[in-house]
Amino acid sequence: MTTAPHSAPRKLLLVSAVALINENRHVLLAQRPEGKSLAGLWEFPGGKTEPGESPEATLIREVDEELGLHISADNITPLTFASHSYADFDLLMPLYLCRTWQGIPHGREGQNIAWVPLTDLYDYPMPPADLPLIPFLQKFV
Ligand SMILES: Nc1nc2c([nH]c(=O)n2[C@@H]2O[C@H](COP(=O)(O)OP(=O)(O)OP(=O)(O)O)[C@@H](O)[C@H]2O)c(=O)[nH]1
């Protein structure tokens, strides 16, 4: 008698990300460095939620680590989310909106960053999960 193989459950990855919007209605994107998955693509700052960490705390921590920016929980608001099935995991990514921060952003991990007019977002190749977010941002931000 043969037994059907049990496949491991797919992993659900929770990632917090932010649309930092400046006074010119430009959004800050960061380029994924060489050596990482999806290298070279432009993404919203953020990262994986650690065990026991709230999505908002993740965002505040990641924006500091990646960009040297200080944002407060009072200045971020939920905007929309991305949901995408990558080959080896499902991504759920709340996208917050932030228009007020302290500091001048710089790529603390050596990554390129760019302030991108919302109308030019399609000129910056982004991960597939992010593509549905572009028309949303263009229409509602
Ligand atoms: N921060 C961020 N992550 C995104 C975006 N879109 C998207 O698919 N992701 C995915 O969400 C995950 C975020 O992971 P991360 O930034 O904390 O970690 P990482 O690159 O070091 O991890 P990895 O190289 O193992 O994927 C990555 O798999 C990344 O590809 C986005 O706009 N911003």
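Residues numbered from 1 in each chain as written. Predicted model: local features only at pLDDT ≥ 70, side-chain atom pairs only at ≥ 80, totals over all residues.

**Student:** Go over the overall build of the chain with me, naming the residues and quoting the values.
**Tutor:** Across its full length, the chain holds two helices and seven strands. Expressed as a percentage of the 141 residues in the chain, the buried residues total 26%. For the chain, restricting intrachain contacts to residue pairs at least 6 apart in sequence, the fraction spanning at least 24 positions comes to 64%. (Helix = DSSP H or I, 4+ residues; strand = E, 2+ residues; numbered from the N terminus. Buried ≥ 20, exposed ≤ 12 C-beta atoms within 10 Å, placed from the backbone. Contact = placed C-beta atoms within 7 Å.)

**Student:** Tell me what's going on with the sheet that holds strand β5 (residues 76–85), and back it up with residues and numbers.
**Tutor:** If you trace the four strands from one edge of the open sheet to the other, you get β4-β1-β6-β5, paired in mixed fashion. Only two strands of the sheet have a single partner each, and these edge strands are β4 (46–48) and β5. Adjacent strand axes in the sheet meet at a mean angle of 20° when their direction is disregarded. Across the sheet, helix α1 (residues 55–67) lies against β1 (11–20), β4, β5 and β6 (89–98), angled at about 60° from β1, the strand it touches most. (Pairing = 2+ DSSP bridges. Axes fitted to C-alpha atoms, helices over the stretch in contact; angles between N-to-C directions.)

**Student:** Would you mind going over the nonpolar core in detail, with residue names and values included?
**Tutor:** Counting 27 residues, the largest nonpolar core has Val18, Ala19, Val63, Met93 and Leu95 as the members making the most contacts within it. Listing elements by their share of this core, those giving two or more residues are β1, β2 (26–31), α1, β5, β6 and α2 (133–140). Those residues in contact with Leu95, other than ones at most four positions away along the chain, are Ala17, Val18, Ala19, Phe44, Leu79, Thr80, Phe81, Ala82 and Leu133. (Core = buried A, V, L, I, M, F, W, Y, C linked by C-beta atoms within 7 Å.)

**Student:** A description of the UniProt feature "domain: Nudix hydrolase" (unreviewed entry) in the chain should follow, citing residues and the corresponding values.
**Tutor:** With numbering aligned to this structure, UniProt lists the feature "domain: Nudix hydrolase" (unreviewed entry) at residues 11–139. Taken end to end, residues 11–139 comprises 16% helix and 36% strand; its first and last C-alpha atoms sit 32 Å apart. (UniProt positions renumbered as here; feature names shortened; annotations may be inferred.)

**Student:** Residue-level account of the site of the ligand, with values.
**Tutor:** Neighbouring the ligand are 15 residues; Glu43, Gly46, Gly47, Pro127 and Ala129 lie closest to it. Elements with a minimum of two residues in the shell around the ligand: β1, β4 and β6. Its residues assigned to classes, the shell around the ligand comprises eight nonpolar, three polar and four charged. (Near = placed C-beta within 6 Å. Nonpolar A, V, L, I, M, F, W, Y, C, P; charged D, E, K, R; others polar.)

**Student:** Please give an account of the sheet that holds strand β3 (residues 42–43) that cites residues and values.
**Tutor:** Pairing is antiparallel in the open sheet, where three strands are placed in the order β3-β2-β7. Each edge of the open sheet is held by one strand with a lone partner, namely β3 and β7 (113–117). One ladder, built from five bridges, connects β2 with β7; its direction is antiparallel. Across the sheet, Leu29 pairs through a bridge with Ala114, a residue of β7.

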